[in-house]
Amino acid sequence: MTATTSLLAIARRDLADLNDRIVGPGDPDYDATRAVHNGMIDRHPALIVRCSSADEVARCIAFARAHDTLIAVRGGGHNGGGLGVVDDGIVIHLAGLAEVTVDPGSDSVRVGGGCTWGQVDQATAEYGRATPSGIISTTGVGGLTLGGGLGHLTRRFGLTIDSLIGADIVLADGSQVHASANEHPELFWALRGGGGNFGVVTSFEFRTHPVGATVMAGPTFWPIEQTPEVMRFYREFLPAAPRAVNGFFALMTVPPVDLFPEELHLRKVCAVMWCIVGSEEEATHLLAPVHDVGTPLLHGVGSVPYPALQSLFDGLYTKGLQCYWRADFVNELSDELIEQHLDWGEKLPSMHSTVHLYPIDGAAHDFGSADTAFSYRDAQWAEVILGVDPDPFNADAIRDWCVGYWNATHPYSAGGAYVNFMMDEGQERVRATYRDNYDRLARVKAQYDRDNVFHVNQNIHPAASA
Ligand SMILES: Cc1cc2nc3c(=O)[nH]c(=O)nc-3n(C[C@H](O)[C@H](O)[C@H](O)COP(=O)(O)OP(=O)(O)OC[C@H]3O[C@@H](n4cnc5c(N)ncnc54)[C@H](O)[C@@H]3O)c2cc1C
């Protein structure tokens, strides 16, 4: 505590002009500012600096290096393993880098490194356009993008990184560079999936795509006992469907909200959450086969503005819930694996707990495994098993279910996992996730962050020989 307090005091002296944006132990907003989305994470940094420019980020990096202190970079704070906060070190908080500027002339949008996706969606929707992201509007642009970015528009327009045009980044030595296909191309390659390993991105530039005023979206629910029939349909239907159709599979409990009929509240179901970029007629036609599968309890697909779809689950997955994550990439949904899903789905330990399978085919397959750092371009789905509960008392129960589920299904997986769905699972899992791209990433890491200053992440170790 003494060391912690004195580092804060030194920061207040050396970064005096930032004093009103430095938050430390004892400050009234310290607990609220250090808190991340996952309520299981309870870390106490020495100080948090709310930066609002690349120069301020560079000064914080220099300060941390001078005092040999850990650095955590905070985007939206959603990371399951709590990578946006660190004990005793410094948190470079980017919420002040929050500008969003749409350029309708070039169908692009420039986004501050601390923005959340809701801010981007609102701005691009004014032009009937969107950049593919996730399924929750409060997720940070920074972390989601640097890991890859999977969501409702993946099959139609690819991963988030596939729409990345360039990024402004502050490097470990404090220098500021722009990475794009033409400038620092190796760094640009590494940023597209390699996480926060290479520096602090203060600004992203993305392509936007036409989605229109509304998309056709919503869930189909079936009784959870019908999981085998629904999954067997899903494994054939979705990969063969046109790119306009996205649908992630879920085992879940229907939340008790007005959106759903009361008789379904708190019922365990298997579900597909659809998003069709197209008209009502097109969606009706494309999803016609869905009605012949099992006995659907609800088919709730309707016309919805894209930003509204993106914030549909915000109220369910709020900040502070206890969350335990496990993940895998999956190529095949064999009958045996489906039986495991039914078994573990029936044991969902709480209303918020769920398993999702996000498709990563369609436009995401237009890139090869070595084209970006995100390696699993050949996989069909990214699976995430999520144990969630508001009550810390239930933390063990949701963790045990999550780990048990993963142990039972992992043998059927493709190997690694999507970095943004992992907790702290060790170097072997990181390597398994990047496969043949790991060594190239390690060389880029050695070139741009030889001392591994940025290691509060799914860490790429700098190559020794570079
Ligand atoms: C409720 C919920 C729903 C989710 N849904 C999806 C989904 O649909 N699709 C999907 O792909 N993922 C999803 N995720 C996972 C999400 O992509 C990751 O948690 C991601 O790490 C969050 O990014 P963040 O900026 O909010 O997180 P943070 O915790 O702030 O940061 C995560 C990591 O990214 C680094 N980082 C963040 N910003 C920057 C930056 N500007 N420059 C350099 N490094 C940076 C941090 O250092 C840290 O290592 C979801 C997460 C939650 C909690």
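For the structure given in this document, a descriptive report is provided here. (Residues numbered from 1 in each chain as written. Predicted model: local features only at pLDDT ≥ 70, side-chain atom pairs only at ≥ 80, totals over all residues. Heavy atoms only, no water.)

## With respect to empty space enclosed by the protein
Item 1. Here the structure, examined in full by the defined rule, presents two cavities of 30 Å³ or more.
Item 2. Reported here for the second largest cavity is a volume of approximately 60 Å³.
Item 3. Forming the boundary of the second largest cavity are G147, G193, F329, F374, S375, Y376, A417, Y418, V419, T433 and Y434.
Item 4. Partitioning the lining of the second largest cavity into residue classes produces seven nonpolar, four polar and no charged. (1 Å grid on protein atoms, 1.4 Å probe; cavity = no way out; pocket = protein on both sides within 12 Å on 5 of 7 lines; lining within 4 Å. Points joined across faces, edges and corners; volume = space filled by probe spheres on them. Nonpolar A, V, L, I, M, F, W, Y, C, P; charged D, E, K, R; others polar.)

## With respect to the pairing of strand β6 (residues 108-112)
Item 1. Summarising burial for β6: four of the five residues are buried, a large majority.
Item 2. Direction of pairing for strand β5 (residues 100-103) relative to β6: antiparallel, over a ladder of four bridges. Among the inter-strand pairings, D103 is bridged to a residue of β6, identified as S108.
Item 3. Connecting the antiparallel pair β5 and β6 is a turn made up of four residues, with D107 showing a positive phi of about 50 degrees.
Item 4. Note: β6 against strand β10 (residues 200-207), five bridges, orientation antiparallel. When the bridges of β10 are listed, V111 appears paired with F204. (Buried < 20%, exposed > 50% of the residue type's maximum accessible area, 1.4 Å probe, protein only. Helix = DSSP H or I, 4+ residues; strand = E, 2+ residues; numbered from the N terminus. Pairing = 2+ DSSP bridges.)

## Overview of the packing of aromatic side chains
Item 1. Scanning all chains against the criterion turns up 16 aromatic pairs.
Item 2. Ring geometry for F233 versus F237: centroids 4.9 Å apart, planes at 20 degrees, classification stacked. Of this pair, F233 and F237 both sit in helix α8 (residues 227-240), separated by four residues, roughly a single helical turn. Comparing F233 with F237 shows no difference in burial state: the two are buried.
Item 3. Centre to centre, the rings of Y418 and F421 are 4.7 Å apart; their planes meet at 85 degrees, and the pair counts as edge-to-face.
Item 4. A relative accessible area of 10% places F421 in the buried class.
Item 5. Cluster of aromatic residues (ring-pair linked, three or more members): F248, W325, F329, Y358, F374, Y376, Y418 and F421.
Item 6. A cation sits over an aromatic face here: R435 above Y376, 3.7 Å from the ring centre. (Phe/Tyr/Trp six-rings, centres within 6.5 Å; stacked < 30°, edge-to-face > 60°. Lys NZ or Arg CZ within 6 Å of the ring centre and 35° of its normal.)

## Remarks on the sheet that holds β5
Item 1. On the basis of which strands lie adjacent, the open sheet formed by five strands has the order β5-β6-β10-β8-β9 and antiparallel pairing. What marks the edges here is a single partner per strand, and that holds for β5 and β9 (176-180). Within this sheet the neighbouring strands show an average axis-to-axis angle of 15 degrees, counted without direction.
Item 2. Sitting on the sheet, helix α4 (residues 117-125) is in contact with β5, β6 and β10, with an inclination near 30 degrees to β5. (Axes fitted to C-alpha atoms, helices over the stretch in contact; angles between N-to-C directions. Contact = heavy atoms within 4.5 Å.)

## Description of the site of the ligand
Item 1. Around the ligand, a shell composed of 34 residues is seen, among which G75, G77, G140, L150 and Y418 lie nearest.
Item 2. A distance of 2.8 Å separates an oxygen atom of the ligand from a polar backbone atom of G77.
Item 3. Backbone polar atom of G143 to an oxygen atom of the ligand: 3.0 Å apart, as the coordinates give it.
Item 4. Considering each element in turn, the shell around the ligand owes the most residues, four residues, to helix α5 (residues 141-147).
Item 5. Partitioning the shell around the ligand into residue classes produces 15 nonpolar, 18 polar and one charged. (Near = heavy atom within 4 Å. Polar contact = N/O pair within 3.5 Å; in protein donor to acceptor, adjacent residues only side chain to side chain.)

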